[in-house]
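# Examining the three-dimensional arrangement
Below, each chain spelled out in residue letters.
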Amino acid sequence: MRRSMRRRIRRLSRALFDAALRKPRTGLIDKLVSSGVPFYLLPLQLNSDAQIRDHCRFDDMNGVMEFVMESFARMRRRRGW
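Rules used throughout
Residues numbered from 1 in each chain as written. Predicted model: local features only at pLDDT ≥ 70, side-chain atom pairs only at ≥ 80, totals over all residues. Heavy atoms only, no water. Salt bridge = Lys/Arg side-chain N within 4 Å of Asp/Glu carboxyl O. Buried < 20%, exposed > 50% of the residue type's maximum accessible area, 1.4 Å probe, protein only. Helix = DSSP H or I, 4+ residues; strand = E, 2+ residues; numbered from the N terminus. Contact = heavy atoms within 4.5 Å. Polar contact = N/O pair within 3.5 Å; in protein donor to acceptor, adjacent residues only side chain to side chain.

### Thoughts on the pattern of salt bridges
- Going through the model one piece at a time under the given rule, you end up with one salt bridge.
- For arginine 53, the salt bridge identified is with aspartate 54, shortest N-O distance 3.4 Å.
- For aspartate 54, a relative accessible area of 48% corresponds to the partly exposed category.

Here is the structure:
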């Protein structure tokens, strides 16, 4: 592999590593939590994660998200929100 390519790869991997270590922006989350407004959180996982691949009734996270959004839409209609 050429030296310039190795340098670019090293620079990119360093940038990705540094970005992963940065503190997440929690201001919006803190504001939402302290507002007292009810909210729901859907943790997302990679489709390749064993919990999704081996133990989930859905084929992928798209199916999970569609199911959750449809469920919320049905509840909204029932409750008249």
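### As for the environment of glutamine 45
- Mapped onto the secondary structure, glutamine 45 falls in the loop between helix 2 (27-35) and helix 3 (50-55).
- Once the C-alpha coordinates of glutamine 45 and serine 35 are considered, the two residues, 10 residues apart in sequence, prove to be 27 Å apart.
- The residues contacting glutamine 45, other than those within four sequence positions of it, are Gln51, Ile52 and Met61.
- There is a polar contact of 3.4 Å between the side chain of glutamine 45 and the side chain of aspartate 49.

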